[in-house]
Structure formats: structure tokens, C-alpha cells
Amino acid sequence: MGHQNIFDLCKPREDVVKGTIADSDYAANLANVLTGRASRDYTDAPTFFTNTYPTEGLKELLVNVCGRLSGRGESVSAVFRLDTSFGGGKTHGLIALVHAAAGMKQVSNIAEFLDPALVPTRPVRVAAFDGENADPANGRPMGEGIRAHTPWGEIAFQLAGKAGYEIVRRSDEQRIAPGADTIKELFGSDPVLVVLDELGEYLRRVQGMGGRDQLTAFLKALLTAIESTPQAAIVYTLAVRSDGKGVDAFADENEFLASAMSELESVSGRKATNLNPTRDDETAKVIRRRLFASIDDPRATDVINAYRELWTTHRDILSEEARRSATSAEFAQTYPFHPDVLDTLTGKTATLGGFQRVRGMLRILAKTVATVWASRPSDASAIHLHHIDLGSDVIRREFTTRLQQGAFVPAILNDIAGPPEKLALAQELDSKNFKGLLPYGTYVARTIFIHTLAFNNDLKGVAVDHLRYSILSPAADLSFIDDARTKFRAESAYLDDRPNAPLRFNAEANLTQVIGREEKNIDPGEARTQLVDRAKAIFGGQSFDLVPFPGGPWDVPDDVSDGKPRLVLLSHDALEIGADLREIPDIVGRMFERKGADGNGLRSLRNNLVFVVADETKVNEMKRAIVRRLALQELKRPERVKELAEHQQAKVFELEKKSETEAAIAIQQCYRHILYPSRNALSGAGSVQLAHSVIDIQNASERPGSGQLQVVRQLQSQNKVRDASDSPDSPSYIRDRTPLKKGQMTTRDLRDEFRRDPSLSILLSDDVFRKAIRKGIEEGVYVYRRGDLLAGPGDPMPSINIDEETTIFTMDFAKSNGVWPRPAPASAAQPASAGTGASISSEPLPPIGGAPGGGFGERPQVGPEGALVANAKVFTAEGVLKEALRKVIEQAKTAKLEKVDRVVIRLFEYGDAFKLIPIANSISGTKRSVTLEGGYTTTQDSEMMFEFKGEAQDASTIKDYLEPQFRAAKVTDLKASILFDFEGGLALGGDAADRFIEKLTRFASAAAYVEATAEVK
């Protein structure tokens, strides 16, 4: 900066830096000073006057009263009245009078306050009545066994001891005011000073005891006695304004006293001398004197000039104070405090009830000086409002407790200064946006808060240009101040959010917190009911029959019902799991394996169940979304929304509309774990046959409210479900995985096998089952019979019925049992021979997807034993990828071949094709070709058809485009073939073939059923 900071130019008093000033030190108590119970700062005259700034009002008070007591002054009045509000220095002035009446012994700076010649040299009898410490009912202990109940009882004892009290004992005990002569008898021959403080509070205490009349009578007698006694004076205080209106908690009593004293003065014809110990323009000097042992004002001029230059440079964007020439002069009087500090405390904070102007500022600023000297901020060229650290308990309590602003505690903790375990908004902004810089977020928040504290609404808050003026210093940057202000205003939960409102805090939260508070009022039972209902709606649908929140196996039916598989939605209260699930939870295992009212029956249709389970990390977020929606719905009700400001009403309607989607997304993102039947069980062989899959968060956010859609997509990606648009499983795979391999089954029984066997696909529609049957008929794997209708390869395709009257035969069984081929019809020329069996076709097997390799050229085919057809041998096998490849290689080896020239893989599922293409592209030592033919229909019913023939490398690029389209599509169809041409052939001796198979299946071992063909030219 180039300019010295406050640590170079100022030296605070030791008790200020150490924070050892007791609360009682700020609240001077006259009674404690008289009895010696006050701190040394008040009882020791030299210390008291060293710490006291000689205001004009205080000097005037001492000169007039001491002149009367010493008999050397010019004052003609014996009655002095201090009219001042709380914190204006009245008690401080009275204590100064007590020390002056005692002769100001060992006070070195008497001349600062009055002419030493006016200090009384004779002993002065001093009696002080402090209404704050009075005890009219029980009597106040005075010593020597005396308890005084009234002002005259206390004054009598203080002036003349026990003997003096005995003079007025009956008056004190009967609460009847003594006469003027009795009072004068107490004075004796010495100078007398009577001090009356807090009479209003005393009147409040005796309001039911006729106290007003007797106090008035006493005051009249006291004034008469004082006026007629040379070197006697009375000083009384009244907390009233110049217009006679009370300003404290005892306003009514003080206004009565003001009126009564005015009447008494009129009767006596002697007016009291009115004094004010501390004027507003002297407040800064009082505070500087009390808090600092020394301030180097000459050297501070450079600092003040630096501020003036800043104010001049940026005058167009700063408040009026920066443009006033008088501000620099004011700064010279308030230094090291920035002018806005005292302006705000006197102009705004002082309007709050209970804030005693000088005393209150001393309390706050003494604690601020202590924290600033403890932390020594680098920008402390002066003490600004933003150096008042609301994170300090002792400073925060000055506002929240002493000034009764406790309603702002939530605003402070949430927005300004929170505990270490939960940073407030301003602290988070500093950490994220201003790390290594000044804590601009905290500076903005603190400044706004201090400006908020005012009694009148028009005074509350600060304009943007004044905020800049208050925070700007030689070390601060205006752009960062504005940035912090913008960010803080956008995220604050307690700033006034009304349009055009100044920057100010509300004790009540803004809409953000209004919603939060309403959320706390939501009944947990209602929230749970809403969550259950919403989850049921989201996961209901056409693909699955929903079983919501079952209590046990008995709630999950084990029947076909309407033919749809069942989606079991487990309650988040019953079960929540994580992504690293190691074994199937017991509750899921029991539902999967058991059924019946007692849960002891064995479930038959296990491949008919899919379980959806909540994510343990998302449950609370889901609950919050529901609670927030309920809170917004409550606030939207006509009788509630009218409680809000107009701009907040519009926001509530907007947020409530969004909350429906947000709640749906939260539910889908929580219910993202799927447990589905599979041979590849989670915990290995012998365990419950369920696998685990997790829906991606991003996918779960799509189509809010369509939970079943996400489940279907996820299971499709796992090759587990088939819907009407999917290609069916291979007919050979179905034959070999079901009892159909024994030769025959009804279509109903075969369909039910898909509901029983976890190794089979879950069929979302009977149409895909019918497609599988048709495909089996077309490819010569099945023969279909219903009554007299018989259908096999080459026949017109019948309508496929699923019932007990329709039978599917395997081709081998049909041939061996004379079912297929159907007997040739007898002709007149050559009648059929009786007893002859059905003829057996010797035609070659139908081609696999057209020509071998999916269209890479016409090639002759061979029978299953590899018989030579047109100078080529072709071996074909079906099964899981690795199994099919090993079979064709074994067939070639059995045929005594040394090598194969080509391997062709035909894939039935688009997921397998897209998985295998990039792997195939990585196989070296062979020419790799791919054929893709098919299309898809989007959810908006747009159609895409395509055909690709080319190198595997190009196919990988095409695959990257097609894969997400297929996943999002409503209907898909893909025929895929991958061809490997081996230059010089793939040797069958050694391990070359095994290495080829291993490379190809290492990352695609889970590929579904395929057809593999090996050719030898």
C-alpha cells in the first residue's frame, strides 16, 4: 500500500487489547462507585480522569457544580438537571462530580476539566440515590443495621449516618416524605452534594404504593432545603428529549418527573440549570480517549489523504459521503475508525431500543479493536465496519443479546459467520472465489448486517454505492467488492429479496428459507405416503406388472396373470444398497425363491421377476425432493400464497411446477439398482440366481416418470429382456436350453419355460416368442403342429398359437417319429406304398442369413458332417460365442483338415454385434470384413434403414454412431456378420486356432447365441 497501517500509528489501551474490560466497566454504576464496589477504572480518581475525554458538557457540569460547592463559582443556581438519553454520559458525569467533590486528589490533568481553584477544598457531604438499585419493599442495606426504603431514607443515612437516618426513620418506614426543615437538619455546616439518578425506575417500583405523590413532596422539600443552603447543590438526571418525551423503558415515569420538576421550579421561581455531558460531535473523541493510549494523528494524515484520493478517483460510483469535502475532516476526528463506522452506529444502531450511545459504541468497538489487533488483517489502514467480526461470540452477542436482535442469529450463522463444521455463505464464497485475496464475501456480509440494524425501516440497509464507500480502502479492489456483492446477493437466504430493496438482512428468511421452514413442517407420514404413491406411478407401465413395496414372498404372486413379467419395487425403508453389492440381500432372495402365505412354498416362475432397489446414497435426496414438492404445494394454496410478497408468489408457482419433474428424477435416480434372473448369479454358482445391474444416473434422469422404460433399457443392454421389436433368441438355443430338447412341447409349456429358467430371456411380449417359433420353422429347427395343420421349413407361415393344443417338435424328433416331412400325397399313376415311412429330405441345409458370411459371395453349402459341395467344405455350429467357435474348429479337425481359410460369425443381437466389432478389428493377421443390415424406429416413429459392407475399421466408426441410436430406439432390427479371411489359412495344428478364439472372446465371452461358420476352399 505504501501507507502505514493502524498497527504502526495507534496503541490501544492494555485492557482493551487483552479484552479484560468487564461488562460492568462499560455500564458505570453510581451506587457501586460510592460503596467502592465498582472497578478501579471508576473508583480510582486519577485512572478515571485519565480515561475520560473532557467534553464540553462535562466541563460545564464540573465548573458549575464545583463552583457552587466551593463558593467560588459564578453559578447562581443550586439545581442542575442532566437531560440525556441512554449512553449520553450522564452517569459518567455524576461519577466525575463525586470525584470532584472529594477534591480530585492525585488527579494530574485537573486543568483539562476545570480551573483547579474551583475544586472544593473543604469536605463535601455527598448523598446519591440511584433508583436502579433501590428496594422500596425490602429496604436497601445501608450499613450499621439500617435498611432504607425511600430516597429520603438513603440520603439521610449518607449525609449523617445512623443518627441522620433516625431523624427520618418514621418517614422512611411509613413512606411519607419529610419536610424541608428536617432535610436541612441533615446538611450540617459542610458543603452538600445530592445526586438523584434513575428516579423513573424508582417510580416504576412504587407505582402501587402512592409513590408519585410522596416523591413529588420530597423533591419540593429537597429543593427548598438546597436552595436555602449556601454551598449546597442537587444534580438530577432525566432520560427525556428536548421536547419532554421519554426515550427509555421508563418513559412514562420520566415524563411525569419532567412535568413535576418544571412545576416545582415555577413555584420556587428558580430554574434548574440544564446540562448535557456529551454532545454527538464529541462521541468520537470520547471513544478514542477510552480505547487508545496514543494515536499518531500527524502521521495519520497520509492515510487519510490516501482515502481521499480513492474517493475522488471513484467518486462517480461511490455514495455522496465520498464526494463531500467534510468527510476527510471527519475522518481526521474519527481515525483510526473509518467515518462510516461511527456514522452507522450513531445514525442507525443507536435508534434501537437499549443501545446506549457512547456506552454501546464503546462496548462494540473495544471488542472490535481487540479482535483486529489479534488477527492483524493486512488491509487495516483504518478500522471499517467490515472489521466488526460477527464470528466472534463476544461481538455477536453485543447485537443479538444486548440489543435484543436474536432473531438475526439464523441469518448470521447461515450467511455471514458459521461454526467451523458448517461454513456460512460468505465464508464459502471467500474460500471458492477469493482465496489468497481479502475476504470480500465476509466484508460485504458484515457491512450489510451492521447497516441493517436500525429501528426505522427507512434506515435499514445500504445502497450499492454506499457499500463500496464503506469497504473501499487502499488495499481493496472495487471489482472484487462488486463481484462478492453480486454473488452474495444471488445466494443469500436472508437478504431482502424484494425488487429494488436496499441491501439488508431480514430476520425472517427470504423465499429460499421460507420453503425450507415449510419443509420442516411437512408431516413425515404424509411425505412417505406421497413418495410411495409417486414411486408407484413412476414404475407402473405396460412392460411389467408392478408389485409395489411387498412385505414378503406372500405379496409377490407366482402365476402368469396377464402374461407380463413382474417388476418388484422394494421399499427404500426395507432395503437400500450400494454399487459394490457383493451378495443378494436376504429379503430379495426369499422373494425370488419362495412364495405363499407363509413364504415356505417354492417359487416356480423365477424368470418372471425383476427387482428394483433403492440406492443408499440417493434415498435422502429422494425424500428431500418429495418434501420440497409438498412444501411448495402447501405454499401455493390460496390462503398461504397471499402471505408472500407478490414477487415471491410468482416464484412459488414456478418452483412448484418444476418440483414435479425434480421429484420424478430424484425417485428414478434413487431406484436405480436392478436385480434380475441370470445364470451368471452375483455370488457365483449355487447362490440365488440373480445378477446386479445399475442404471446410469444420466439415463435415470431421462423421461422423468417413465421408470419402467429405464429398467427395460438397462435389461436390454444386459441382453436379458426381449420385447416385440427385438430379435428373438436363437431357435437352437431355445431348443437346447429347455425340455424341448427331448423332442416336443406344447407352445404354452415352452412359453412358460421363459418364465421359469433364469438362463432364458425375459419376454415382455408374446409376439417375440412367436417370432422365435417362426424363425425356428423357417430355419428348419422346429416343426409346428396344431390339429391337422403342420408347418415346417418352406411352408407358408401359420399364425402361432400359444396353448395346450399346439405343439412344437424339434426337427430331429419330427423326422425320427414320422412327423416331418409330411407324407407325399398319393397319385393315380403311382399310388403310395402302404407301410412305407415318411421320406427324408436330402437337400442341403438352408443358408445362414443368405450366403455364408452374410452376403460376401455365393458359396456352396455342406451337410453337418462337412461333405464336399462344389469343391468347398463348410462347417457350422451354434451356441455362445466361444462354444460355437470351438465346435466348428473341432469339426474341421475331425475332417482331418490342416487349416481353415475363413471364419464367419453371424450375430443375432445388436448389443453383441456392437460389442464384437471393435474386438474383431483388433485381431491381426487376417482380413476383417463386416456386413450390417437393418434399421430402427425412434420414439417419435421416425425410421432409419441402412446397409453396410466393408472393413472392420470402418465398421467401428459406424458402430459408434449406431449404438446410442439403437439404445434409444423404440424398434430395432440388425443382421450382422463378421468375416475373417486368413492369408495362408488358420492352422489347426498347434495353438493358433485357440489363440484366435481367445483373442476374440476375451472381452466378448458373454455374447449371446451366435452362428459360426468355418470354410475351407
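Further up the page is the structure itself.
Below is a short write-up of the structure. Counting from 1, residues in each chain are numbered in the order their sequence is written. This being a predicted model, a pLDDT of at least 70 is required before a residue's local features are given, and a value of 80 or more before pairs of side-chain atoms are given or counted; all residues contribute to the totals for chains, interfaces and linings. Hydrogen atoms and water are omitted, and side-chain values are computed over all heavy atoms in the structure.

## Quick look at the overall build of the protein
Here is step 1: Within the protein one finds 42 helices and 29 strands.
Here is step 2: When each of the 1017 residues of the protein is scored for burial, the buried share is 54%.
Here is step 3: Looking at the protein alone, contacts between residues at least 24 apart form 70% of all its contacts between residues at least 6 apart.
Here is step 4: All accessible areas in this document rest on Shrake-Rupley with a 1.4 Å probe, and a residue is counted as covered only by the protein chains that are shown. Accessible surface for the protein amounts to roughly 44,600 Å². Of this, 47% is attributable to carbon and sulfur atoms. By the criteria applied, helices consist of DSSP H or I runs no shorter than four residues and strands consist of E runs no shorter than two, each listed in order from the N terminus. Only protein chains enter the accessibility calculation, which uses a 1.4 Å probe. A residue is then buried if its area is under 20% of the maximum for its type, exposed if over 50%, and partly exposed in between. Contacts were defined at the residue level, with two residues in contact if any of their heavy atoms lie within 4.5 Å.

## Brief notes about the pattern of salt bridges
A pair can form between side chains of opposite charge whenever their charged atoms are brought close.
Here is step 1: We count a salt bridge whenever a side-chain nitrogen from Lys or Arg sits within 4 Å of a carboxyl oxygen from Asp or Glu. Here the structure, examined in full by the defined rule, presents 62 salt bridges.
Here is step 2: Residue Arg 640 pairs with Glu 518 through a salt bridge whose shortest N-O separation is 2.8 Å. Of this pair, Arg 640 sits in helix H30 (residues 638-641) while Glu 518 sits in helix H26 (residues 511-521); the two residues are 122 residues apart in sequence, bridging distant segments of the chain.
Here is step 3: On the accessibility criterion, Arg 640 (17% relative accessible area) is buried.
Here is step 4: Taking the shortest distance from any N to any O, the salt bridge between Lys 564 and Asp 562 comes out at 3.9 Å.

## A short note on the nonpolar core
Here is step 1: The definition of a nonpolar core used throughout is a set of buried Ala, Val, Leu, Ile, Met, Phe, Trp, Tyr and Cys residues joined through side-chain atoms within 4.5 Å. Judged by nonpolar contacts, the single largest core of 79 residues is most densely connected at Leu 291, Phe 399, Phe 449, Phe 488 and Phe 505.
Here is step 2: A total of 9 residues in this core trace back to one element, the largest contributor, which is helix H19 (residues 357-375).
Here is step 3: Non-local contacts of Leu 291, meaning those with residues more than four positions away in its chain, are made with Pro 12, Arg 13, Val 16, Phe 337, Leu 362, Leu 365, Ala 366 and Val 369.
Here is step 4: In this structure, Phe 875, Ala 892, Leu 932 and Tyr 936 belong to the second largest nonpolar core, which totals 45 residues.

## Details of the pairing of strand S4 (residues 140-143)
Here is step 1: One requirement defines pairing of two strands: DSSP has to find at least two bridges between them. Where S4 and strand S5 (residues 146-148) come together, 3 bridges link them in antiparallel fashion. Paired with Arg 140 across the bridge in S5 is Ala 148.
Here is step 2: Hairpin connection between S4 and S5: a loop of 2 residues separates the two successive antiparallel strands, and Glu 144 in this loop has a positive phi of roughly 55 degrees.

## Section: the packing of helix H10 (residues 180-187) against helix H12 (residues 211-227)
Here is step 1: Inter-axis angles, ranging from 0 to 180 degrees, are taken between N-to-C directions of lines fitted to C-alpha atoms, where helices are fitted over the stretch in contact. Packing of H10 against H12 leaves a shortest axis separation of 8 Å and a crossing angle of 50 degrees. Relative to H12, the element H10 is oriented oblique. Along this stretch, H10 crosses H12, giving a crossing that reads as right-handed. Of H12, the residues touching H10 (which contributes Ala 180, Ile 183, Lys 184 and Phe 187) are Phe 218, Ala 221, Leu 222, Thr 224, Ala 225 and Ile 226.
Here is step 2: The class makeup of the residues in the contact of H10 with H12 is 8 nonpolar, 1 polar and 1 charged. Angles are sorted into four bins: roughly parallel if under 35 degrees, roughly antiparallel if over 145, roughly perpendicular if 65 to 115, and oblique for all others. Each helix crossing is assigned a hand: it is left-handed if the near helix lies turned anticlockwise from the far helix by less than a right angle, otherwise right-handed if that turn is clockwise. Note on residue classes: Ala, Val, Leu, Ile, Met, Phe, Trp, Tyr, Cys and Pro are nonpolar, Asp, Glu, Lys and Arg are charged, and everything else, Gly too, is polar.

## Some words on the packing of aromatic side chains
Here is step 1: Aromatic contacts are taken between Phe, Tyr and Trp rings whose centres are within 6.5 Å, Trp giving its six-membered ring; a plane angle under 30 degrees counts as stacked, one over 60 as edge-to-face, and the others as tilted. Summed over all chains, the structure comprises 30 aromatic pairs.
Here is step 2: Between the aromatic rings of Phe 809 and Phe 813, the centroid separation amounts to 5.9 Å while the plane-to-plane angle is 5 degrees, which identifies the pairing as stacked.
Here is step 3: Through pairs of rings, three or more aromatic residues link up here, namely Tyr 307, Trp 311, Phe 331, Tyr 335 and Tyr 469.
Here is step 4: We note Arg 212 situated over the ring of Phe 256; from NZ or CZ to the ring centre the distance is 4.6 Å. As a reminder, the over-ring test applies to NZ of lysine and CZ of arginine, requiring each to be within 6 Å of the ring centre and within 35 degrees of the ring normal.

## So, helix H17 (residues 326-334)
Here is step 1: When we look at burial in H17, the residues that qualify are Thr 327, Ser 328, Phe 331 and Thr 334. Within H17, the buried residues cover an arc of 125 degrees as seen down the axis, which keeps them to one side. As used here, the arc is the angular range of directions from the helix axis to the C-beta atoms.

## Topic: the side chain of Asp 197
Here is step 1: Its location among the elements puts Asp 197 in strand S6 (residues 192-197).
Here is step 2: Judged by relative accessible area, Asp 197 falls into the buried class, the value being 2%.

## Description of the environment of Arg 756
Here is step 1: With respect to the secondary-structure elements, Arg 756 resides in helix H35 (residues 747-756).
Here is step 2: Counting along the chain gives 152 residues from Arg 756 to Ser 604, while the straight-line C-alpha distance between them is 6.1 Å.
Here is step 3: Apart from the residues within four sequence positions on either side, Arg 756 is in contact with Ser 604, Leu 605, Arg 606, Asn 607 and Asp 749.

## Observations concerning the environment of Ala 920
Here is step 1: For Ala 920, the position within the fold is in helix H40 (residues 910-921).
Here is step 2: On the basis of relative accessibility, which here comes to 0%, the residue Ala 920 falls in the buried class.
Here is step 3: When the C-alpha atoms of Ala 920 and Ile 978 are compared, they prove to be 7.9 Å apart, with 58 residues separating the residues in sequence.
Here is step 4: If near-sequence neighbours (up to four positions away) are discounted, Ala 920 is found in contact with Arg 928, Ile 978, Phe 980 and Leu 1000.

## Looking at the sheet that holds strand S22 (residues 789-791)
Hydrogen bonds between backbone atoms are what pair the strands of a sheet, whose relative direction is either parallel or antiparallel.
Here is step 1: Reading across from one edge, S19-S23-S21-S22 is the order of the 4 strands in this open sheet, with antiparallel pairing throughout. In this open sheet, the two edge strands, each paired with only one partner strand, are strand S19 (744-746) and S22. Each strand axis lies, on average, 20 degrees off the axis of its neighbour in the sheet, ignoring direction.
Here is step 2: Here strand S21 (residues 782-786) pairs with strand S23 (residues 806-810) via 5 bridges, running antiparallel. Bridge pairing links Tyr 784 to Ile 808 in S23.
Here is step 3: Together, S19 and S23 form the strand contacts of H35, whose direction differs from that of S19 by roughly 90 degrees.
Here is step 4: Sheet strands touched by helix H36 (residues 766-778): S21, S22 and S23. Its angle to S21, the strand with the most contacts, is close to 115 degrees.

## Details of the sheet that holds strand S2 (residues 79-83)
Here is step 1: Strand order in the open sheet made by the 5 strands is S3-S6-S7-S2-S8, with parallel pairing throughout. The open sheet is flanked by strand S3 (125-130) and strand S8 (273-275), the only strands paired with a single partner. With direction set aside, neighbouring strand axes in the sheet form an average angle of 15 degrees.
Here is step 2: Against the sheet, helix H8 (residues 90-101) makes contact with S2, S3, S6 and strand S7 (232-238), and its axis sits at roughly 165 degrees relative to S6, the strand it touches most.

## Focus: helix H9 (residues 151-173)
Here is step 1: By definition here, a helix of n residues has an expected span of 1.5 Å times n minus one. Spanning 23 residues, H9 covers only 11 Å between terminal C-alpha atoms, well under the ideal 33 Å at 1.5 Å per step.
Here is step 2: If you look at H9, its biggest bend is around 140 degrees, right at Ala 160. Bend at a given residue is defined as the angle between two axes, one fitted to the seven residues that end at that position and one fitted to the seven that begin there.

## Describing the environment of Gly 461
Here is step 1: For Gly 461, the location among the structural elements is in the loop between helix H23 (440-452) and helix H24 (464-471).
Here is step 2: In this structure Gly 461 comes out as buried when scored by relative accessible area, which is 7%.
Here is step 3: Through-space distance from the C-alpha of Gly 461 to that of Asp 496 is 9.3 Å; in sequence the pair is 35 residues apart.
Here is step 4: With near-sequence residues (within four places) excluded, Gly 461 lies in contact with Lys 348, His 451, Thr 452, Pro 502, Leu 503 and Arg 504.

## Quick notes on the pairing of strand S17 (residues 690-694)
Here is step 1: With 4 of 5 residues buried, S17 is to be regarded as a mostly interior element.
Here is step 2: Pairing analysis gives 5 bridges linking strand S16 (residues 673-677) to S17, with the strands arranged antiparallel. Note that in S17 the partner of His 673 across the bridge is Val 694.

## Re unusual backbone geometry
Here is step 1: Put simply, Tyr 335 and Pro 336 share a cis peptide bond, and its omega is 10 degrees.
Here is step 2: Counting through the fold element by element, Pro 336 comes out in the loop between H17 and helix H18 (339-347).
Here is step 3: Following Trp 820, the chain continues into Pro 821 via a peptide bond in cis, with omega recorded as -5 degrees.
Here is step 4: Tracing the backbone through its elements, the reader meets Pro 821 in the loop between helix H37 (811-816) and helix H38 (852-855).
Here is step 5: The phi dihedral of Ser 561 is positive, around 55 degrees, even though this residue is not glycine.
Here is step 6: If you trace the backbone, Ser 561 turns up in the loop between strand S10 (545-548) and strand S11 (566-569).

## Topic: the packing of H26 against helix H29 (residues 619-636)
Packed helix pairs are characterised by how far apart their axes lie and by the angle those axes make with each other.
Here is step 1: At a minimum axis distance of 8 Å, the contact between H26 and H29 shows a crossing angle of 105 degrees. Accordingly, the angle class assigned to the pair H26 and H29 is roughly perpendicular. Residue-level inspection shows Val 514, Ile 515, Glu 518 and Glu 519 of H26 in contact with H29, the latter providing Val 627, Arg 628, Ala 631, Leu 632, Glu 634 and Leu 635.
Here is step 2: Of the residues belonging to the contact of H26 with H29, the class tally is 6 nonpolar, no polar and 4 charged.

## Describing the side chain of His 387
Here is step 1: Examined against the element boundaries, His 387 turns out to sit in the loop between H19 and helix H20 (393-402).
Here is step 2: For His 387, a relative accessible area of 4% gives the class buried.
Here is step 3: Under the rule applied, a polar contact is a pair of N or O atoms within 3.5 Å (in protein, one hydrogen donor and one hydrogen acceptor; residues adjacent in sequence only if both atoms are side-chain atoms). From its side chain, His 387 meets the backbone nitrogen of His 384 in a polar contact 2.9 Å long.
Here is step 4: Beyond its immediate chain neighbours, meaning those up to four positions away, His 387 contacts Thr 368, Thr 371, Val 372, Pro 377, Asp 379, Ala 380, Ala 382, Tyr 443 and Arg 446.

In short, geometric facts, not functional conclusions.
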